[in-house]
Amino acid sequence: MDYIIETEDIRKRYDDFLAVKGVNLKVPEESIYGVLGPNGAGKTTLISMLCTILRPTGGRGTVNGYDIVKDARKVRESIGIVFQSRALDDILTGREHLEMHAALYGVPRDIRDKRIEEVLDLIALGDKADEYVKTYSGGMKRRLEIGRGLIHHPRVLFLDEPTLGLDPQTRESIWRYIEKLNREEDVTVLLTTHYMEEADKLCDEVAIMSHGEIIKADSPGNLKRELGADTITVRVDRAPDFYELLQRQDYVKEAYLMDDEVKILVERGENLVPEIVNLAARNSYYVRAVELEHPTLEDVFIKYTGRGITEA
Amino acid sequence: MAEIEGIYTIWLREMKRFFRYRSRIVTSIVTPLLWLIIFGTGLGAAVRFGGVPGGYKAFIYPGIIGQTVLFTSIFSGVSVIIDRQYGFLKEILVAPISRESMVVGKALGISTASMIQAAILLALSFIVGITMSPQCFIVSMVIALIISMGLGGLGLVIAAFTDSMEGFNLIMSFIVLPIFLLSGALFPITGLPAWLQGAVYINPLTYAVDALRFTILRESVLPLGVNMVVITIFAVVTVLIAAFLFNRKEQNIM
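Each chain has its residues counted from 1, running along the sequence as written. In the order they appear in the text, chains get letters beginning with A and ligands get numbers beginning with 1. Local features in this predicted model are restricted to residues of pLDDT 70 or higher, and side-chain atom pairs are both shown and tallied only at a pLDDT of 80 or more, whereas totals for entire chains, interfaces and linings draw on every residue. Side-chain figures throughout are based on the complete set of non-hydrogen atoms in the structure, without hydrogens or water.

> Could you clarify how one ought to interpret the overall build of chain A in this entry?
We count a stretch as a helix when DSSP gives it H or I for four or more residues in a row; a strand needs E for two or more, and each element gets its number in order from the N terminus. For chain A, the helix and strand inventory stands at 11 helices and 15 strands. By principal-axis analysis of the C-alpha atoms, chain A measures approximately 75 × 50 × 35 Å. Whether a residue is buried, partly exposed or exposed follows from its accessible area with a 1.4 Å probe, protein chains only, as a fraction of its type maximum: under 20%, in between, or over 50%, in that order. Every one of the 312 residues in chain A was classed for burial, and the buried ones make up 53%. His is not counted, nor are the chain ends; Lys and Arg add positive charge and Asp and Glu add negative charge. Positions of charges follow a simple convention, taking NZ of Lys, CZ of Arg, CG of Asp or CD of Glu. The positive charge centre, built from 43 side chains, and the negative charge centre, built from 57, are 4 Å apart in chain A.

> I keep staring at the overall build of chain B and nothing clicks. Help me out?
Along its length, chain B carries 10 helices and zero strands. Its helices and strands taken in sequence order, chain B reads α-α-α-α-α-α-α-α-α-α from the N to the C terminus. Both definitions apply: the radius of gyration is a C-alpha atom measure, and the globule rule equals 2.2 Å times residues to the power 0.38. Rg of the C-alpha trace for chain B: 18 Å, near the compact-globule value of 18 Å for 254 residues, within the 12% margin. Dimensions of chain B along its principal axes, counting C-alpha atoms only, are 60 × 35 × 35 Å. Looking at chain B residue by residue over its 254 residues, the buried ones come to 54%. Residues are treated as being in contact if the distance between any of their heavy atoms lies within 4.5 Å. Considering only intrachain contacts with a sequence separation of at least 6, the fraction spanning at least 24 residues in chain B is 79%. Surface accessibility follows the Shrake-Rupley procedure with a 1.4 Å probe radius. Residue values consider only the protein chains on display as shielding. Accessible surface, chain B as shown: approximately 10,900 Å² in total, 73% of it carbon and sulfur.

> Any chance you could explain helix α3 (residues 94-104) of chain A here in plain terms?
For an α-helix the count is 3.6 residues per turn, leaving residues at separations of three or four pointing the same way. The element α3(A) is largely enclosed, with a buried count of nine among its 11 residues. What α3(A) keeps buried is the set Gly94(A), Glu96(A), His97(A), Leu98(A), Met100(A), His101(A), Ala102(A), Ala103(A) and Leu104(A). Elements in contact with the buried residues of α3(A): α4 (109-123) and α5 (138-148) of chain A together with α1 (2-20) and α4 (88-93) of chain B. Taken from the residues just after α3(A), Gly106(A) is the one with a positive phi, measuring 65°.

> What should I look at first to understand unusual backbone geometry in this one?
Residues and elements named next belong to chain A. The phi angle at aspartate 15 is positive, at roughly 45°, despite the residue not being glycine. Within the secondary structure layout, aspartate 15 lies in the loop between β1 (3-14) and β2 (17-23). Located in the positive-phi region is arginine 268, a residue other than glycine, with phi close to 50°. For arginine 268, the location among the structural elements is in the loop between β14 (261-266) and α10 (269-282). Residue arginine 268 is classed as partly exposed on the basis of its relative accessible area, which comes to 40%.

> Could you clarify how one ought to interpret the packing of aromatic side chains in this entry?
Each aromatic ring pair is described using two quantities: the centre-to-centre distance and the angle formed by the ring planes. Residues and elements named next belong to chain B. We call Phe, Tyr and Trp rings a pair once their centres come within 6.5 Å, taking the six-membered ring for Trp, and we label the pair stacked below 30 degrees between planes, edge-to-face above 60, and tilted otherwise. Summed over the entire model, instances satisfying the criterion amount to 10 aromatic pairs over all chains. Here the aromatic rings of phenylalanine 39 and tyrosine 56 are separated by 6.3 Å at their centres, their planes lie at 55°, and the arrangement is tilted. With a gap of 17 residues between them, phenylalanine 39 in helix α2 (residues 22-46) and tyrosine 56 in helix α3 (residues 55-85) connect regions that are remote in the sequence. The exposure class assigned to tyrosine 56 is buried, which follows from its relative accessible area of 5%. Centre to centre, the rings of phenylalanine 71 and phenylalanine 180 are 6.4 Å apart; their planes meet at 85°, and the pair counts as edge-to-face.

> Please clarify how a nonpolar patch on the surface should be interpreted in this entry.
Residues and elements named next belong to chain B. Only residues whose relative accessible area exceeds 30% and that form no salt bridge are eligible for patches; like-charged ones are grouped when within 9 Å, while nonpolar side chains (Val, Leu, Ile, Met, Phe, Trp, Tyr) are grouped when within 5 Å. The salt bridge definition used is simple: a Lys or Arg side-chain nitrogen within 4 Å of an Asp or Glu carboxyl oxygen. A cluster of nonpolar residues, Val26, Val30, Leu34, Ile37 and Ile38, forms a patch on the protein surface that exposes about 440 Å² of accessible area. Examined against the element boundaries, isoleucine 37 turns out to sit in helix α2. Isoleucine 37 sits in the partly exposed class, given a relative accessible area of 42%.

> Could you clarify how one ought to interpret the interface of chain B and chain A in this entry?
Bring the parts together and some accessible area is lost; that lost area is often taken as the interface size. Contacts between the two partners involve 29 residues from chain B, matched on the other side by 36 residues from chain A. Between the two partners, chain B and chain A, sit eight salt bridges. We call two N or O atoms a polar contact when they sit within 3.5 Å, provided that within protein one can donate a hydrogen and the other can accept it, with sequence-adjacent residues counted only if both atoms are side-chain atoms. Linking chain B with chain A are 14 residue pairs in polar contact (both at pLDDT 80 or more), by the criterion used here. Elements that contribute at least two residues to the side of chain B that touches chain A include exactly α1 and α4 of chain B.

> Explanation requested: the sheet that holds strand β13 (residues 254-258) of chain A in the structure shown.
By definition, the strands of a sheet pair up through backbone hydrogen bonds, in either a parallel or an antiparallel sense. All names here are of chain A. Any two strands are treated as partners once DSSP identifies two or more bridges connecting them. Sheet architecture is open: four strands sit in the order β13-β14-β12-β15, paired in antiparallel fashion. Only two strands of the sheet have a single partner each, and these edge strands are β13 and β15 (287-293). On average, adjacent strands in this sheet sit at an angle of 15° to one another, irrespective of strand direction. Both strand β12 (residues 230-236) and β15 contribute to a ladder of six bridges, which runs antiparallel. Across the sheet, isoleucine 232 pairs through a bridge with leucine 292, a residue of β15. To get an axis, a line is fitted to the C-alpha atoms, and for a helix only the part in contact is used. The angle between two axes follows their N-to-C directions and goes from 0 to 180 degrees. This element, α10, spans β12, β14 and β15 of the sheet and lies at about 25° to β12.

> I'm lost on the side chain of Thr206(B) in this one. Help?
Residue and element names in this part refer to chain B. Its location among the elements puts threonine 206 in helix α9 (residues 204-217). Side-chain polar atoms of threonine 206 contact the backbone oxygen of leucine 182, separated by 3.2 Å. In contact with threonine 206, other than residues within four places in its own chain, are Leu182, Ser183, Ile189 and Val200.

> Explain the packing of α3(A) against α1(B) to me, please; I cannot follow it from the model alone.
Two quantities define a packed helix pair, namely the angle between the helix axes and the distance between the axes. Where α3(A) contacts α1(B), the two axes come as close as 8 Å, and the packing angle between them is 155°. Taken together, the axes of α3(A) and α1(B) lie roughly antiparallel to each other. In contact with Glu96(A), Glu99(A), Met100(A), Ala103(A) and Leu104(A) of α3(A), α1(B) contributes Glu5(B), Gly6(B), Thr9(B), Ile10(B), Arg13(B), Lys16(B) and Arg20(B). Under the scheme applied here, ten amino acids are nonpolar (Ala, Val, Leu, Ile, Met, Phe, Trp, Tyr, Cys and Pro), four are charged (Asp, Glu, Lys and Arg), and all others, including Gly, are polar. Partitioning the contact of α3(A) with α1(B) into residue classes produces four nonpolar, two polar and six charged. Note on angle classes: values under 35 degrees are labelled roughly parallel, values over 145 roughly antiparallel, values of 65 to 115 roughly perpendicular, and the remainder oblique.

Structure (structure tokens):
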């Protein structure tokens with residue numbers, strides 16, 4: 001597999017505080033990669049170094065094949081960045097922001113207008129494009145910033161907490177938009193987040209970061225699967241008998257009987273639901289309800305860091 | 001080529017901001033007129049000022065042009081602090097153009113804004129009874145260009161050390177007002193007590209005001225050439241220092 005971002009033991013020290021402690025990151029090309037961690041975990045410092053804004057204290061890293069220290073300028077030309085906090089000028093219009101960005105990133109004059117129209121189309125600013133940014137809603141500002149990061153057709157888009165402070169609907173629409181970009185423009189997306197749901201729904205791969213270190217990196221599915229147990233709850237008549245029957249199945253790790261419900265812990269629960277229903281039918285039990293619960297990324301996070309993400 | 005485009009882009013934004021803040025343009029013209037008409041007439045009536053034809057009002061006219069350039073330049077330079085607070089500075093700092101180009105683009109934008117204001121004031125010279133010749137206008141504009149680059153650079157240097165606009169009042173009291181008052185804009189710089197004389201001569205604006213006074217009133221303490229050399233050196237040095245500071249300063253700007 002080709003990695004578009006790779007770091008080797010990259011570190012950042014501020015005076016006597018080690019913000020990032022020897023991180024090894026491998027981001028596959030054309031993926032959506034999430035760095036998940038609480039505030040203060042070092043996520044922003046890590047991606048600031050990758051964006052060449054901060055100079056690493058030690059270790060090395062490449063983005064798009066360019067060294068982030070020696071070829072900083074080449075890196076900058078090939079990436080788009082959306083900062084955690086707003087980086088817009090209230091008194092310029094959306095279109096002017098895009099024009100300015102295109103000029104600064106050396107988009108040739110003859111294709112500039114076309115690019116701007118493309119991006120405006122994509123971010124659906126509509127007729128607001130020629131109004132001052134101060135009249136925009138939070139979601140529009142965010143879309144403008146993301147669109148701006150794409151004007152020069154970067155290979156990698158860095159998003160630092162892209163949906164921080166947005167309402168749930170806007171958040172969903174930004175997610176869909178990021179997925180669309182990733183799919184249609186072949187852009188690799190590296191984002192940081194402290195929203196479990198965001199990492200889970202959006203990312204192909206997630207690196208869990210805590211106290212300046214990456215503790216674990218894998219796809220959200222694998223991370224959760226590694227915790228093992230999905231929980232299947234079956235409501236059935238003659239529950240005690242069915243409980244006995246289930247205990248004898250070898251895919252069941254643990255089973256509990258609670259009133260008319262049987263709870264079992266299994267791996268890959270989604271594959272087992274039909275199996276269990278069929279088993280009940282063969283033995284003439286009447287199944288009233290089946291519920292499947294996966295472990296959440298929150299559970300994963302707690303397992304690896306020993307604490308919830310909000311209690312950093 | 002990319003650098004020229006970068007400089008132009010930064011300059012263009014500065015211009016857009018300048019023309020969109022209408023109230024700022026209005027005040028920047030009204031304030032000097034108040035100085036000229038009220039202060040100039042008032043004090044001119046109280047003191048006998050034989051040095052210059054046209055009297056005290058005419059004497060301070062070049063000084064008030066200098067003052068306008070001073071305020072606009074320093075505050076435009078310091079406005080980088082606002083860009084930093086509102087986050088827009090990040091967008092510029094991560095762009096693949098050199099920090100030198102960013103500083104030069106900004107300084108050129110600042111001096112264009114200052115020159116527009118200087119041009120308006122020069123066109124209003126009849127208010128103080130001075131007729132403006134084309135040569136006089138052009139030389140004055142060149143002086144305004146050079147000194148505004150220098151003062152804009154100074155504003156950028158201040159901005160590089162200041163994180164929030166809370167420092168704004170300090171900048172006003174300890175930098176802008178002293179530069180104005182010590183420039184000889186309002187009084188002749190000859191025959192002053194030694195301590196004041198010294199302070200006046202280390203002030204770069206003094207040389208610009210003296211140069212403007214020579215150009216407009218044919219009267220100056222130092223030769224025009226000396227004044228021009230001093231303000232040119234000042235402009236080059238402040239812009240270089242500003243570029244150096246922005247280059248060196250590592251900021252966690254995410």
